[in-house]
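Below, each chain spelled out in residue letters.
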Amino acid sequence: EKSCRYMTEEVSNLLGGLSIDGYMAVSMSALPVINDGVGGVAVTIENQGMEQIDPEFICGNTVTLMGRQAEAYIRYRDTGKAQSALDRAERQKSYIEGLLQAAKIKSGKDDSFVSGLLKEMEPYMVTDMTKDRYLDMALAFLGGNQDFGESDMMTLPGKAVETPIYDEYHPDKSQIRPIILDMFYREETADTDIGK
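Parameters at a glance
Residues numbered from 1 in each chain as written. Predicted model: local features only at pLDDT ≥ 70, side-chain atom pairs only at ≥ 80, totals over all residues. Heavy atoms only, no water. Phe/Tyr/Trp six-rings, centres within 6.5 Å; stacked < 30°, edge-to-face > 60°. Helix = DSSP H or I, 4+ residues; strand = E, 2+ residues; numbered from the N terminus. Buried < 20%, exposed > 50% of the residue type's maximum accessible area, 1.4 Å probe, protein only. Axes fitted to C-alpha atoms, helices over the stretch in contact; angles between N-to-C directions. Parallel < 35°, antiparallel > 145°, perpendicular 65-115°, else oblique. Contact = heavy atoms within 4.5 Å. Salt bridge = Lys/Arg side-chain N within 4 Å of Asp/Glu carboxyl O.

(A) Region of the structure containing the packing of aromatic side chains. The full count for this structure, using the stated rule, is 2 aromatic pairs. Plain terms: the ring middles of Phe57 and Tyr73 are 6.0 Å apart, the flat faces sit at 80° to each other, and that makes the pair edge-to-face. Of this pair, Phe57 sits in the loop between β2 (41-44) and β3 (62-65) while Tyr73 sits in helix α3 (residues 68-75), and the two are 16 residues apart along the sequence. You'll find Phe57 and Tyr73 in the same group, each marked buried. Judged by centre distance (6.1 Å) and plane angle (85°), the rings of Phe141 and Phe148 are edge-to-face. Relative accessible area serves as the criterion here: at 27%, Phe148 is assigned to the partly exposed category.

Here it is in structure tokens:
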């Protein structure tokens, strides 16, 4: 909970003071539960060398991830290559897209799917939201017509920096502000016509 509160404060600061309405953190231990709960997640392997962690992970192959394969896919990074965490983040975007597509299909066939999966996730999660709130959010998203893909996930503008110990990414706040204004605010025009 403390970690989530700190993260909420820092994300708010990074986004220019934008209010964060709630948080949910889910342990990586829940990934096989979630992944297999949707019937597996299909991804296309786009990075060379991943077959060293799983023989099916050959560049160009489409694989339906099951069980611990999902964790291997989203966690792997080549620590011998600078800024490989950025490659991993792109791979995670493709996984999230596949996961949400599979969840939409599953929820369309089974009305109890969302509540059942969230119940299985409860031992692995920390949140400040009520169960009704996050259940309503999941049902609204998975039951709606809105598509969600890689283009809806963004890496904030910034600069990759290598230090003697870590690879770091320094967000550029001057470039982030216009994105925040575009995504979260709309300009109101003053209506001076009294008849309206």
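(B) Representation of the packing of α3 against helix α4 (residues 84-109) in the model. At a minimum axis separation of 8 Å, α3 and α4 run at an interaxial angle of 140°. Considered as vectors, α3 and α4 are oriented oblique to each other. Each of Ala70, Tyr73, Ile74 and Arg75 in α3 lies in contact with α4, whose residues at this interface are Arg88, Arg91, Gln92, Ser94 and Tyr95.

(C) Just α3, in detail. Listing the buried residues of α3 in full gives Gln69, Ala70, Glu71, Tyr73 and Ile74. Check the buried side of α3 and you find it contacts α2 (31-37), β2, β3 and α4.

(D) Molecular detail of the pattern of salt bridges. This model, assessed by the stated rule, comprises 5 salt bridges. In this structure, Arg68 and Glu71 form a salt bridge, with 2.6 Å as the shortest nitrogen-oxygen distance. Here Arg68 pairs with Glu71, and both are found in helix α3, just 3 residues apart, close to one helical turn. Residue classification places Glu71 among the buried residues on the basis of a relative accessible area of 14%. The salt bridge partner of Asp167 is Arg77, with a shortest N-O separation of 3.5 Å. Of this pair, Asp167 sits in strand β6 (residues 167-171) while Arg77 sits in the loop between α3 and α4, and the two are 90 residues apart along the sequence.

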